[in-house]
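Take a look at the letters that make up each chain.
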Amino acid sequence: MNNLITIEGLKKTVFGVGAICSISSECRSLGASRVMVVMDRALSRSETGGRVQDVLQGGDLEIIPYFEVTPEPSPALADNGAAIAVEAKVQCVVAIGGGSTLDVAKAIGVLFTNGGKALDYVGLNLVKKPGLPTIMVPTTAGTGSEVTFTSVFTMRETKSKGGINSPFLYPHTAILDPGLTIGLPPLVTAFTGMDALTHAIESFTSLQAHFMSEPISLKAVEIISANLRGAVFKGGDMAFRRNMLQASYLAGLGLAMAGVGAVHALAYPLGAFFDIPHGIANGLLLPYVLEYNYPGDMAKFARIARAMGETRNERSDRDLAALAVKAVRNLAQDIGVPLTLAELGVPEESIPEMAEAAMKVTRPMENNPRPMSTAAAIEIYGKAFKGR
Ligand SMILES: [Fe+2]
């Protein structure tokens, strides 16, 4: 009976410009008046962070701040946050920020009730019981963490990345306010947007994709390809920002239902070995992996090409599938994603070790539409190193 489709998810989404103003009432509707607020330090000192804190302060809540999140977070960040949350007896965890912040907050929520350390739960279904309710407020349009059941951590001592994956990590509420993404610098917009595109394409082509996930993932591909350039180059335009926030949410839903694939598996070692941010690693590798993947499912890649506007002539699925790869490559190039591992300072001799590590990221590898061997992973890294 392992071919059953089970769909779970968060309970509530509030979307729209100004949605952030509902944050206090959303906390209170959960019965929470003592609330932990998780942010990274830079955001907490920014205009956007200040605005959110003003809204929270005006909401008659007792706020316990935890503004210590750093990019590609270590499990210790969740452990420390959970200790503060337990001490303060908070009733809800609110996360405001990018994927790292959201992931840390989700883990704090389950550590609060389950005890132990974040590392104890890295794996699949190791969390025993529900956590505190969490409210997610993404300030980037990329990770989709506001709708997923995963918290990803970087273990620098072992040069590895791993996730806590459990239905108990599904957030309670997502508050999506495009206004919070307006100040995002162009390159961060580009990298996080490429992460969302990776979620959309990988979940669409995943071997776990199904009747519910496929249209959602493909819609995300369509919106991202029509709006990411605009969000990067006209970052003050609310329509582009709104569309990208919707798309990253949809891509996150697709990912939560169908998983990701080899791009994420190959991107993990770049983060774990060289601290390359997740969005850059995915954005760089995406075209190279798709070039390898498209013969594995021509029909689906043809649909991706159509969703990306490649419909100039009637063409065969094969031609269209190849055009999908080209369209992704063009998009990455247009918005300034680095095109080679060499540019990022990744040494060529690390490729075999990275390929070994990527092959251990088993669940995404198993979802990939074309089986991948260690030799194939080495070849893909090799092409990504040189740029062809
Ligand atoms: Fe991702």
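A quick note: this is a predicted structure, and the numbers were derived from the prediction, not measured.

Asker: Mind showing me how you'd approach the environment of A358 here?
Answerer: In this fold, A358 is placed in helix α13 (residues 351-359). Residue class for A358 comes out buried when judged on its relative accessible area of 0%. Counting along the chain gives 308 residues from A358 to G50, while the straight-line C-alpha distance between them is 39 Å. Those residues in contact with A358 that sit more than four places away from it in its chain are A265, L266, P269, M365 and Y381.

Asker: It is not clear to me how the sheet that holds strand β4 (residues 92-97) should be interpreted in this structure. Could you clarify?
Answerer: Whenever strands of a sheet pair, they do so through backbone hydrogen bonds, lying parallel or antiparallel. Across the sheet, six strands lie side by side as β1-β9-β6-β4-β2-β3; this open sheet has parallel pairing. The open sheet has two edge strands with one neighbour each: β1 (12-15) and β3 (62-69). Strand-to-strand twist of the sheet, defined as the mean angle between neighbouring strand axes without regard to direction, takes the value 15°. As paired strands, β1 and strand β9 (residues 173-176) are joined by four bridges and run parallel to one another. Looking across to β9, one finds that K12 is bridged to T173. Contacting β2 (34-40) and β3, helix α4 (residues 75-88) crosses the sheet at an angle of about 165° to β3.

Asker: Which parts of the structure should I look at to understand the pattern of salt bridges?
Answerer: A side chain of one charge can pair with a side chain of the opposite charge when the charged atoms of the two come close. Scanning all chains against the criterion turns up 13 salt bridges. Its salt-bridge partner being R41, residue E68 comes within 2.4 Å of it at the nearest N-O pair. Taken together, the residues E68 in strand β3 and R41 in helix α2 (residues 41-44) connect sequence positions 27 residues apart. Judged by relative accessible area, which is 36%, E68 ranks as partly exposed. The exposure class assigned to R41 is partly exposed, which follows from its relative accessible area of 40%. The partner of R329 in a salt bridge is E291, and the shortest N-O contact between them spans 3.0 Å. Taken as a pair, R329 in helix α12 (residues 317-334) and E291 in helix α10 (residues 278-293) lie far apart in primary sequence, 38 residues in all. By sharing partners, the salt bridges in this structure join E214, K300 and R303 into a single network.

Asker: Which parts of the structure should I look at to understand the packing of helix α6 (residues 186-205) against α10?
Answerer: Two packed helices can be described by the angle between their axes and the distance between those axes. Relative to each other, α6 and α10 sit at 45°, their axes nearing to 7 Å. Regarding the angle of α6 to α10, the classification is oblique. When you trace α6 past α10, the crossing you get is left-handed. On the side of α6, the interface is formed by F191, M194, D195, L197, T198, H199 and I201, while α10 contributes H278, G279, I280, N282, G283, L286 and L290. Here the residues of the contact of α6 with α10 are counted per class, giving seven nonpolar, six polar and one charged.

Asker: Before we go on, may I ask you to explain the environment of S33 in this structure?
Answerer: Structurally, S33 can be placed in the loop between α1 (23-29) and β2. What makes S33 partly exposed here is its relative accessible area of 39%. A C-alpha to C-alpha distance of 9.4 Å links S33 and G59, two positions 26 residues apart in sequence. Residues within four places of S33 in sequence aside, it is in contact with L61, E62 and Q91.

Asker: When you look at the coordination of the iron ion in this model, what are you seeing that I'm missing?
Answerer: Ideal values for angles at a metal depend on the geometry: 109.5 degrees with four tetrahedral donors, 90 or 180 degrees with six octahedral donors. Protein-derived ligands of the iron ion are D195 (OD), H199 (NE2), H264 (NE2) and H278 (NE2), with the metal-ligand distances lying across 2.1 to 2.3 Å. Geometry at the iron ion is irregular, judged from the four donor atoms that bind it and their angles of 82 to 166° at the metal. One chain supplies every donor to the iron ion, and in sequence these donors are spaced D-x3-H-x64-H-x13-H. Highlighted residues: D195 in helix α6 and H278 in helix α10, separated in sequence by 83 residues. Taking the relative accessible area as the measure of exposure, D195 reaches 3% and is therefore buried. A residue is classified by how much of its surface remains accessible, and H278, at 17% relative accessible area, is buried.

Scoring rules and cut-offs
Residues numbered from 1 in each chain as written. Predicted model: local features only at pLDDT ≥ 70, side-chain atom pairs only at ≥ 80, totals over all residues. Heavy atoms only, no water. Helix = DSSP H or I, 4+ residues; strand = E, 2+ residues; numbered from the N terminus. Buried < 20%, exposed > 50% of the residue type's maximum accessible area, 1.4 Å probe, protein only. Contact = heavy atoms within 4.5 Å. Pairing = 2+ DSSP bridges. Axes fitted to C-alpha atoms, helices over the stretch in contact; angles between N-to-C directions. Salt bridge = Lys/Arg side-chain N within 4 Å of Asp/Glu carboxyl O. Parallel < 35°, antiparallel > 145°, perpendicular 65-115°, else oblique. Left-handed = near helix turned anticlockwise from the far one by under 90°. Nonpolar A, V, L, I, M, F, W, Y, C, P; charged D, E, K, R; others polar. Donors = N, O, S within 2.8 Å, 3.2 Å for Na, K, Ca; no water. Tetrahedral: all angles 85-135°; square planar, octahedral: opposite > 155°, others 65-115°.

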